[in-house]
Each structure stands twice: as structure tokens, then as C-alpha cells.
Amino acid sequence: MPSSMRQALSGLGIVLTLAAGGGCSSPERPEAQGGELVMRRLTEAQYRQAILDVFADDLEIAGRFEPDNRREGLLSVGSAWVTVTPSGFEQYEAMGRSIAGQVVSEANRSRFVPCVPGDVSLPDSNCAEAMLRSVGPRLLRRPLEDADIRPRLAAAAAATQRTGDFYAGLELIVTSLLVAPDFLFRLEAAVSDPMDSDRLTLDDLTMASRLSYLLWNAGPDRELLDAAIRGDLTSEETLARQVDRMIDSPRLEQGVRAFFDDVFRFDAFSVLSKDPIRYPKFSNALVQDAREQTLQVVVDHLVDDRGDYRDLFTTPHSVMTRTLGAVYAVPVSAEKGWQDYEFSAADARVGLLSHASFNLLNAHPGRSSATLRGVFMREALLCQTVPPAPADVDFGLFNQDDNPAYRTARERLAVHASDATCRNCHRLTDPIGLGLEVFDGIGGYRTTENGAPIDTSGELDGDAFVDHRALGRVFRNSPLVGPCLVENLYRYAVGREPVYSERRLLRHLEESFTESGFRLDALLRNIALSEGFRTATRSEKAALDEGRQAARAEKEGAA
Amino acid sequence: MSSTSNLNRRQLLRAALRGSLGGAAVSVGLPYLEIFLTGNGDAVAATGAPLPRRFGTWFWGCGMNPKRWNPTEEGRGFELPPELAPIAGVRDQVSVLSGFNVVLDGETNLVHRTGVIGTLCGGAPPSKTENQGPTLDILISDAIGDATRFRSLEMAATGVPSDTYSRRSEDAKNPSETTPLALYLRVFGPGFMDPNALGAEGAPAFVPDPKTVLRKSVLSLVAEDRKRIESLLGARDRARLDEYFTSLRQLEHQLELQLSAPPPLEACERPPEPDALAVSRDVAHVKANHAAMAEVLALALACDQTRVFNMVFSEGASQLHMPGSSDTHHTLTHEEARDEGLGYQVEATKFVQHSMEAWAEFVQTLASVPEGEGTLLDHCAVLAHSETSDANSHSVTGLPMMVAGRAGGRLAPGTHVFGAGDPTTRLGLTLQQAMGLPVAKWGLTANETDRPISELLA
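Sequence order sets the numbering: in each chain, residues are counted from 1 along the sequence as written. Chain letters start at A and ligand numbers start at 1, both assigned in the order the entries are written. Local features in this predicted model are restricted to residues of pLDDT 70 or higher, and side-chain atom pairs are both shown and tallied only at a pLDDT of 80 or more, whereas totals for entire chains, interfaces and linings draw on every residue.

Draft legend 1. Up close: the overall build of chain B. Secondary structure elements are taken from DSSP: a helix is a run of H or I of four residues or more, a strand is a run of E of two residues or more, and numbering for both begins at the N terminus. Scanning chain B for helices and strands turns up 13 helices and twelve strands. Think of it as a crowd count around each C-beta: if 20 or more other C-beta atoms lie within 10 Å the residue is buried, if 12 or fewer it is exposed, and in between it is partly exposed, with C-beta placed from the backbone throughout. Of all 458 residues assigned to chain B, the portion counted as buried reaches 57%.

Draft legend 2. View of the pairing of strand E4 (residues 153–156) of chain B. Residue and element names in this part refer to chain B. Side chains Leu-153 and Met-155 of E4 all project onto a buried face; the interleaved residues Glu-154 and Ala-156 project onto the opposite face, where all are buried too. A strand pair is defined by DSSP finding two or more bridges across the two strands. Sheet topology places E4 next to strand E7 (residues 308–312); four bridges connect them, and they run parallel. When the bridges of E7 are listed, Ala-156 appears paired with Val-312.

Draft legend 3. Geometry of the interface of chain B and chain A. With 54 residues of chain B in contact, the opposing surface of chain A contributes 57 residues. Contributions of two or more residues to the side of chain B that touches chain A are made by helix H7 (210–224), helix H8 (226–230), helix H9 (235–257) and helix H11 (329–335) of chain B. At eleven residues, the largest contribution of residues to the side of chain B that touches chain A is made by H9 of chain B. Note that Gly is not counted as nonpolar here; it falls among the polar residues with everything else outside the nonpolar set of Ala, Val, Leu, Ile, Met, Phe, Trp, Tyr, Cys and Pro and the charged set of Asp, Glu, Lys and Arg. Its residues assigned to classes, the side of chain B that touches chain A comprises 21 nonpolar, 20 polar and 13 charged. Residues are scored as being in contact if the C-beta atoms we place from backbone atoms lie within 7 Å.

Draft legend 4. Quick look at the sheet that holds E7 of chain B. Residue and element names in this part refer to chain B. One open sheet accounts for eight strands, arranged E2-E12-E3-E11-E10-E1-E7-E4; its pairing is mixed. Edge positions in the sheet fall to strand E2 (75–76) and E4, since each has one partner strand and no second. Here two bridges tie E2 to strand E12 (residues 415–418), and the two strands are oriented antiparallel to one another. Paired with Arg-76 across the strands is Thr-415, a residue of E12.

Draft legend 5. Focus on helix H13 (residues 425–434) of chain B. Residue and element names in this part refer to chain B. Across the ten residues that make up H13, a large majority, nine, are buried. Along H13, the residues that are buried comprise Thr-425, Arg-426, Leu-427, Gly-428, Leu-429, Thr-430, Leu-431, Gln-432 and Ala-434. Where H13 is buried, its residues touch strand E1 (54–59), strand E3 (94–100), helix H4 (114–121), helix H5 (136–144), strand E10 (380–385) and strand E11 (399–404). Within two residues after H13, Gly-436 carries a phi angle of roughly 90°, on the positive side.

Draft legend 6. Quick look at the sheet that holds strand E3 (residues 190–192) of chain A. Residue and element names in this part refer to chain A. Taken in spatial order, the three strands of this open sheet run E3-E4-E11, and their pairing is antiparallel. Each edge of the open sheet is held by one strand with a lone partner, namely E3 and strand E11 (535–537). Across the sheet, the mean angle separating the axes of adjacent strands is 35° when strand polarity is ignored. Relative to E11, strand E4 (residues 199–202) runs antiparallel, the two sharing three bridges. Residue pairing for E11: Thr-201 is matched across the bridge by Thr-535. Axes here mean lines fitted to C-alpha atoms, for a helix over just the part in contact, with angles spanning 0 to 180 degrees between N-to-C directions.

Draft legend 7. Quick peek at the environment of Ser-357 of chain A. Checked against the element boundaries, Ser-357 of chain A lands in helix H16 (residues 356–361). We classify Ser-357 of chain A as buried; it has 22 C-beta atoms within 10 Å.

Draft legend 8. Structural view of the nonpolar core. Note on terminology: a nonpolar core is a set of buried residues of type Ala, Val, Leu, Ile, Met, Phe, Trp, Tyr or Cys, with members joined through C-beta atoms within 7 Å. Judged by nonpolar contacts, the single largest core of 150 residues is most densely connected at Leu-170, Ile-173, Val-174, Leu-211, Leu-489, Leu-523 and Ile-527 of chain A. Filtering out sequence-adjacent residues up to four positions away, Leu-489 of chain A remains in contact with Phe-259, Leu-523 and Ile-527 of chain A. With 96 residues, the next largest nonpolar core counts Val-94, Val-102, Leu-139 and Ala-404 of chain B among its residues.

Draft legend 9. Main features of the domain arrangement of chain B. Residues and elements named next belong to chain B. Segmenting chain B into domains produces domain 1 (38–196 + 268–456) and domain 2 (207–260). When each unit is reduced to the centre of its C-alpha atoms, the spacing between domain 1 and domain 2 is 31 Å. When grouped by side-chain class, the residues that make up the side of domain 1 that touches domain 2 number two nonpolar, one polar and four charged. Domain boundaries shown here were taken from an automatic or database domain assignment.

Draft legend 10. How the structure looks around the packing of helix H7 (residues 146–163) of chain A against helix H8 (residues 166–178) of chain A. Residue and element names in this part refer to chain A. Interhelical geometry of H7 versus H8 gives an angle of 145° and a closest axis separation of 7 Å. Crossing of H7 over H8 shows right-handed handedness. Taken together, the residues of H8 that come into contact with H7 (itself represented by Arg-152, Ala-155, Ala-156, Ala-157, Ala-159, Thr-160 and Thr-163) are Phe-166, Ala-168, Gly-169, Leu-170, Leu-172, Ile-173 and Ser-176. In this scheme, a crossing is called left-handed if the near helix is turned counterclockwise away from the far one by less than a right angle; it is called right-handed if the turn is clockwise.

Shown next, in the form of C-alpha cells:
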């Protein structure tokens with residue numbers, strides 16, 4: 001879609017929202033106060049993006065990133081909890097050195113170093129400072145302070161004196177930025193309300209990072225940093241201008257991908273393995289293409305077409321590669337790369353739930369799993385909690401996989417519905433998971449299992465569906481689907497669970513999401529402008545801690 | 001420096017054994033361990049420096065069949081039950097423990113988690129995020145890890161970096177190396193200094209890599225910024241930052257070690273660079289991956305690059321599977337019917353067999369490296385354990401545990417100890433004490449104990 005049209009549509013969206021806002025039915029944006037500030041560790045994607053944004057896309061980033069940790073269903077919430085382990089730091093240091101070495105290498109320095117030293121064997125503080133000022137603010141996502149500059153220049157000069165190489169000093173400067181805690185972690189800061197010291201407003205630079213990671217999954221660009229330095233991100237009007245600019249940017253796609261990659265738990269693809277005898281079509285290419293297919297459909301629908309989020313579950317639109325075509329059993333003419341593919345009424349598939357991605361991930365190495373699929377739908381897409389299996393279940397009741405008496409998963413899982421202990425949780429998962437049983441452990445279509453026809457009828461919270469295609473429609477119409485996206489996106493944006501004072505805000509966001517026609521760009525905008533996103537509460541622990549420190553200082557002073 | 005000695009280290013040892021070294025109080029005929037124990041029980045290398053003691057864990061998922069795994073007689077010379085048959089070749093190096101429990105003490109049994117965390121952290125965790133650390137290996141590496149280049153090395157034969165049970169907390173899990181090549185490059189790649197290269201005749205004098213000094217100054221720069229950053233954070237994040245700086249200091253320490261010549265280590269040898277192997281949860285691949293990583297690890301230990309290690313052969317709720325099967329080890333333990341004649345799940349039990357074979361191979365690999373007058377294994381204590389006994393019911397009573405090695409003369413392996421329902425923390429306490437930690441009691445609430453397992457001690 002051309003960007004002018006995109007802007008026109010976006011404008012229309014705003015007009016509609018405003019028009020609705022003028023009516024008495026629409027709620028005013030409620031007051032809210034965000035929870036504690038969070039300190040998030042950069043994800044692998046964010047680290048890579050920073051290197052790409054600040055340097056270039058042809059630098060090699062070789063190393064193992066510390067595994068992220070999912071909390072409350074999201075890596076972005078987990079990122080506010082994880083630390084850096086000794087082996088993780090070792091890797092950050094090795095990657096940092098390797099990147100810095102490439103940046104100042106003879107081949108690359110003319111691209112990345114904004115100056116040439118007077119004598120390459122001697123320290124040149126002016127040139128070193130120019131380099132530091134050229135890359136430092138974007139890596140650290142803030143203007144440099146004196147404390148960032150002087151020690152680095154001194155260390156670089158010492159390194160040059162030791163080695164007789166100006167660029168060894170520059171390499172040291174760049175490495176020091178890449179291992180710095182304020183690069184690897186996103187630090188947040190806020191100023192307290194003069195009237196209420198527990199009420200904090202995020203400062204402009206923190207707003208810049210929150211916005212750019214929410215919308216682009218990247219650090220702020222120069223324009224956003226400049227806006228922050230001008231103080232434009234604390235006043236609603238100038239903030240809205242930046243938010244609109246960022247939503248209209250082509251980089252929005254990157255942010256939307258990152259969000260859905262997290263919600264869909266696609267990080268699990270990196271360690272997915274399947275039995276090659278049962279699934280000879282399983283390959284690394286399939287894994288990559290399946291992940292990309294779903295994200296591409298999401299982006300096409302939500303970003304390019306600005307469509308209704310719920311329609312993702314019924315959209316006939318898809319994209320294919322040859323590798324996917326082999327699993328989907330559809331003809332793909334393009335030898336390489338992607339081509340559009342529209343599912344027809346004759347196809348078994350419709351909407352995201354029929355994608356290979358979900359069915360690959362939510363399955364065992366050697367077979368499908370209606371239960372895992374049901375858990376995924378409940379937890380990730382409907383934001384419900386499925387309790388873990390109790391430890392003392394009598395699995396003797398379970399009907400084994402290779403018992404010829406039970407040919408389909410539905411027959412084998414029947415015990416879940418008949419036993420009281422199992423039923424409480426499995427009634428949530430199995431009836432919807434069984435709706436996807438025509439998709440095998442890698443998402444291939446089948447109509448029978450062990451010679452018996454597969455029945456994909458079922459019900460979702462009282463709404464019956466006759467088969468897997470109808471499941472998509474019932475799912476789309478679930479009243480939980482929209483609010484769950486709101487909840488996920490909000491938690492993703494702030495990196496934590498909503499606090500009590502944000503409950504009204506969440507309801508408001510749900511209502512305005514509905515009014516917007518379930519449009520993601522409208523939701524992103526509303527979250528970015530909401531008070532919950534822009535404010536914070538002083539942590540009780542921090543307050544206690546400060547109290548303790550003050551007491552200690554007093555004691556020491558007295559002593 | 002002792003490395004300048006012209007005496008070949010082995011000659012020195014032999015001379016000592018013959019009693020021909022002036023002043024050496026030796027009596028021929030005693031097992032070497034007793035000869036070479038210093039006052040605090042450490043075996044002594046030829047250089048006069050004590051040989052290091054190492055601690056490791058070896059985890060396998062989904063337990064065993066208690067009736068087929070637990071020995072029936074206590075003490076030495078017990079008959080190996082069918083599921084322990086694979087360890088026959090190393091049985092003198094391994095003690096077997098049965099009948100020890102993670103005491104739930106009112107907490108829910110979090111399936112496939114409570115058993116492993118309970119054993120490693122000293123009690124049943126109240127939730128998935130609380131009391132998840134520090135694990136036993138962290139307690140021990142905090143005490144002894146500073147002596148070596150790496151505080152600890154983690155490995156997962158499953159190929160999954162997050163398959164690790166080494167953690168300071170739920171949010172500070174030490175990720176696993178997942179291929180022999182990655183492990184090799186980390187330990188023996190750039191930064192490795194062969195401790196024996198310098199002692200060789202005609203070898204050039206030691207010159208530290210000038211880059212090491214520059215790397216150290218990068219870390220100093222960052223460390224100097226600590227106060228400023230701390231002042232920006234709340235208490236929780238300050239604790240996380242503290243972990244970051246602990247990790248930074250560990251690397252500083254690593255670099256510090258690289259600025260001086262390492263003392264010679266007779267057993268140290270750089271292994272050949274391993275080939276790339278297929279990584280998947282196919283049990284044959286996992287075993288091959290595991291065996292090749294064990295080879296690299298053994299030499300990493302012999303070269304004193306680390307003294308603490310953690311190997312995950314398969315994760316809790318093991319996803320290992322057989323080629324062509326629709327099931328995994330985990331799903332089999334729940335869904336396979338017990339064979340009525342045999343009384344156990346035949347297919348699931350094959351994975352127990354594979355796990356015990358891999359464990360025996362691991363022990364054998366450590367035992368095959370000569371060190372001092374014994375083997376590397378003699379200077380290790382390796383805890384093998386699983387998250388459950390009977391996986392079908394997720395039982396955390398009668399957890400299977402084994403300890404391999406002599407911990408430098410402190411342990412006397414080869415026995416079977418029945419715990420009669422005592423908490424698994426008794427073993428954790430025993431191992432901490434064997435590793436020289438001044439700990440008198442260990443464990444949370446009902447799992448707390450002050451009774452080491454004396455039957456395991458030398």
C-alpha cells in the first residue's frame with residue numbers, strides 16, 4: 001500500500017475515533033498510574049537491530065545470546081527480570097570486541113569513523129571524541145554525559161600509547177559501549193510529581209525508548225532522541241505527533257513482527273525438533289518459512305491493510321514458498337521466495353490457526369497434540385490460565401497411543417472428559433485442540449488417523465463448530481479474543497503485569513479497540529498516549545531501600 | 001616458579017613413590033591417595049601444588065522404575081539391579097543412593113520441577129519463580145570457582161541452551177553449551193593457554209597477549225560507572241545489576257589469569273577439535289553429542305579451566321525420542337500401558353537404559369584421564385540425579401541419585417545407601433562438605449539437615 005494512502009487511512013481512523021469520542025457513549029480516557037519502572041535486558045533481536053541501526057547490516061554478530069525467559073506468557077515481561085550470567089557476559093564481551101574490531105577495521109573505518117587521526121600511531125582525543133559522540137547516544141539511547149566521555153577518552157589514549165595504534169583506542173571505546181549495562185539493559189527514569197512523591201512521570205528519554213521499542217522494536221532514531229531532548233515527549237500534543245510519525249513509518253512492521261513473535265511463542269522454533277522418519281518434510285527451511293508465513297500474514301493484514309485483528313482467524317489470505325507448499329499440498333509456482341496464496345472454500349485451511357507454524361510448535365516430536373494446541377489457544381490468544389496437571393494423576397486411565405482400540409486422538413483423549421480430575425482443565429483445552437487434529441505434527445493436512453476419520457467438531461465456550469474451518473470463525477467471534485490482544489500488547493509495552501490502578505485503563509483500551517474496528521494501529525496509539533504507559537509508581541522496595549540508606553547515612557554522619 | 005624445574009613431573013612422582021626424595025614422608029605400599037594427601041586432604045600434584053577438586057552434576061529426565069533400579073542390599077558389594085546394569089564397568093567409582101525424598105512440606109508437587117529444584121536448592125519450591133536458586137553447583141562455584149578461567153561450564157546434550165539447572169535464581173540461569181564444537185571453542189579456542197607449553201624445553205618465555213590488557217581496561221571502564229547506574233535503580237533492579245557486575249568481575253578474573261603463565265598440569269592436553277554433530281532429541285544423537293562433550297569437558301577439567309560443571313543429558317519431562325516413534329520418553333511414561341507380565345512400561349524403560357549407559361560412559365570418560373597417580377575422576381565429585389523416581393506418577397520420593405568419584409580422597413565410592421525417607425538435602429550437605437565448604441547444615445524448612453551421609457565418606 002502506498003504510504004499516502006496509509007496516511008489517509010490513518011487519518012480516517014483518527015477522525016472516526018474523535019467522532020466516536022464526541023458522543024456520550026464513548027468513555028473518556030481514564031486516569032491511571034503505571035506500575036513500577038522496569039529494567040529490561042535487550043533481546044537478541046533488539047541487540048542485532050541496534051548494531052544494524054548504528055552501524056550497518058553487513059557486520060557479523062557471532063556469538064550465543066543468553067536465552068530469554070518467558071514470564072506470564074511474554075518474553076518482554078521476562079526481560080524485566082533476567083540478569084546477565086557469567087557465561088552470558090563472556091559472550092557479550094566477545095561479540096562486542098568482534099563488532100568493534102569490524103567497525104574500526106581498515107576496510108570499514110571510512111564508513112563508521114567520522115574523522116581521520118592526525119597520526120595513526122598517536123592518541124587523537126578530538127577524533128576519538130567525535131567517534132564516541134557519533135555512536136554513543138544511539139547505542140545508549142541518550143545524550144552522553146561528561147562521565148561517559150572523559151574516562152573513555154583517557155582509556156583510549158592509554159590503549160593507543162600502549163599499542164601505537166589509534167584504532168586500538170577506538171576499538172576499546174566501541175567495545176566499552178557494547179558491554180555497558182546501559183546498552184544491554186534499558187534503564188528507565190521518571191520524575192516525581194511535586195504534589196505526590198509516589199506518582200512518577202517518565203522522563204522524555206525513557207518515553208523515547210518505550211515508544212521506539214513498542215512500535216519498532218528498536219532504539220530511538222535521531223529524530224525521536226532530538227524530540228526527547230527538546231522535551232517533546234511529555235506533552236500530549238507533541239507526543240502524539242511523534243507517535244503518529246512512528247506508526248506511519250515502514251519500521252512499524254518490525255515492531256509488529258516482534259510483538260507477535262513474542263505472543264505466538266515463536267522463539268521455540270529455534271530449538272524445535274521432529275522425528276525425521278515420521279516427518280520427512282521437516283527441515284530448517286520449513287521452520288523458517290512457517291514462522292515467516294504467519295508473521296507475513298499478520299503484517300499484511302494488520303499493518304498494510306489495517307484490518308480487523310479478529311479477521312486473522314478467518315482470513316483466506318496467505319503466502320507460500322515451495323517448502324511450505326509441500327506441507328500444505330498446494331502448488332507453488334515460484335521456484336524461490338514468496339508468492340501470495342488465497343485459500344479457497346475447497347481448501348482445508350482458513351485463518352492463522354490452520355497455519356503450519358502453530359501446529360508445528362504445539363505438538364510432540366512424533367505427533368500432534370490437541371492438548372498443547374488447546375493450551376496455546378487459551379493462554380496466548382484468549383489470555384486464560386490453564387492450571388498444570390496435578391502431580392498425582394492416575395495415568396493408568398490414559399489410553400495409549402499405539403493401542404489399536406483407540407485410533408484417533410479424540411478416542412484416546414476421551415478419558416480426559418470422563419474422569420473428574422482431568423475434566424476440569426481438559427474441558428478447556430481438548431475440545432478446541434481437537435478442532436485442529438486434521439493438522440498433523442508438522443501442520444500437514446490429513447483426514448484420517450490410523451484409518452479412522454478425524455472428527456474436528458467441538459465447541460468453544462458454548463459456541464459449537466462443525467469442523468476446523470468453522471473453528472476459525474467461532475474463535476474470531478469469541479468475546480475474549482480482542483481483550484486478550486489488548487492485554488498482551490499492554491503488558492508487552494510496559495514490560496510487566498498491569499497494576500490495580502490500570503484496570504480501568506485496560507477496559508477503556510478494550511472499548512476503544514472495539515470502536516476502532518479492532519485495528520492494531522489505533523490500539524498502539526492509544527496505549528502509547530495512555531497515562532499507564534507514561535507514568536509510574538515508586539516501588540515500595542525502592543522507597544524502603546531509600547529510607548534505609550538515608551538512615552544509614554545519618555548514622556554514619558553521626559558517627 | 002615451579003614450572004622451571006628440570007625434573008619431569010612424572011619422574012618426580014615416581015621418585016616420591018620410591019621414597020627417594022629427601023624429607024618426603026612417604027611409605028611405599030599405601031594407596032597413593034593416602035600418600036599424597038596434604039593436611040587438608042588434597043592430593044598433591046608433582047609440582048607440590050594440590051590437585052584441584054571438582055564438582056559436577058549430571059541430570060537425566062523422567063527417573064526410573066524403583067523396583068528395577070533400587071538396589072536391595074545396603075553397603076558395598078550389592079547386587080546391581082537390572083536398570084543399573086549399565087554402570088557395572090564403573091560400579092566401584094559410583095555410590096548409589098535410594099530412598100531419599102524431596103519433602104514437600106505443604107507445597108504443591110510442581111511436576112518435573114519440584115524434584116530437581118528440591119534436590120539442588122534444598123527444598124520444594126513454592127512456585128515456578130520462587131526459591132529456584134542458588135543451586136548446589138552455584139554454592140560450590142562461589143567457594144571454588146574463582147581459581148579457574150571459568151566459574152563453571154554448563155552443557156546440554158539435548159541441543160537446547162535453556163536446558164540447564166544451574167541457576168542463581170529463576171532469572172539467572174547459566175545457559176548450556178549445546179555442541180561439542182561450541183564447548184571446545186569456548187574452552188580451547190582463543191584465550192586458552194596450554195599450561196604445559198611453557199615448561200617444554202626450548203619454549204619461549206611467557207608473554208601475555210597485549211590484547212588482554214586492553215580487554216581488562218574496557219571492563220574497568222564499565223565497572224567504574226557502577227555507582228552512577230546504581231543510583232538510577234530500584235532495589236530489585238539493583239540486585240540484577242549486581243549480578244551483571246559479578247559476571248563482569250568473573251571475566252576480569254579470567255583475564256587476570258591470562259596475564260601470568262599457568263602452572264604446568266601433567267594431565268592437561270588440548271583435545272582435537274570435534275566434528276559438527278547432528279543435534280536433535282533423537283536418543284542416538286543425544287548420546288553421541290553427550291559423549292563428545294564429555295571428552296572435551298574431561299580435558300577442560302584436566303587443564304583446570306573450570307572446577308565446576310553441569311551436564312544435562314535429558315531435561316525434566318524428557319523429550320528424547322526414538323526414531324520413527326510418535327512418543328517421547330515423557331509421553332511414554334504417562335501413556336504407555338504397563339506390561340502386565342513384566343510390571344513396567346517397556347518402551348519408556350528403554351530410555352532409562354539409555355540414560356544409565358550415558359552416565360556410565362560419562363564416568364568412564366572422567367576415569368580415563370590419568371591425573372596424579374590416579375585419575376581425573378578421583379578428584380571429582382559428580383552428582384547424578386533425576387527429577388522423579390517413578391515418572392508416571394511424578395513421584396519425588398525415593399529419588400534416584402548417584403555420586404561418582406572420590407573428591408580428592410574425601411569420598412569412598414562403590415556403596416549403596418538407603419535413605420529411609422530422609423531428605424535429599426543430606427546428599428547436598430555431604431557434597432558441599434566434601435568440596436570443603438564450611439557448611440554445618442543445609443536445606444529449607446522440613447528439608448533442612450545437619451546430617452551428612454557418613455557412609456559415602458572415605
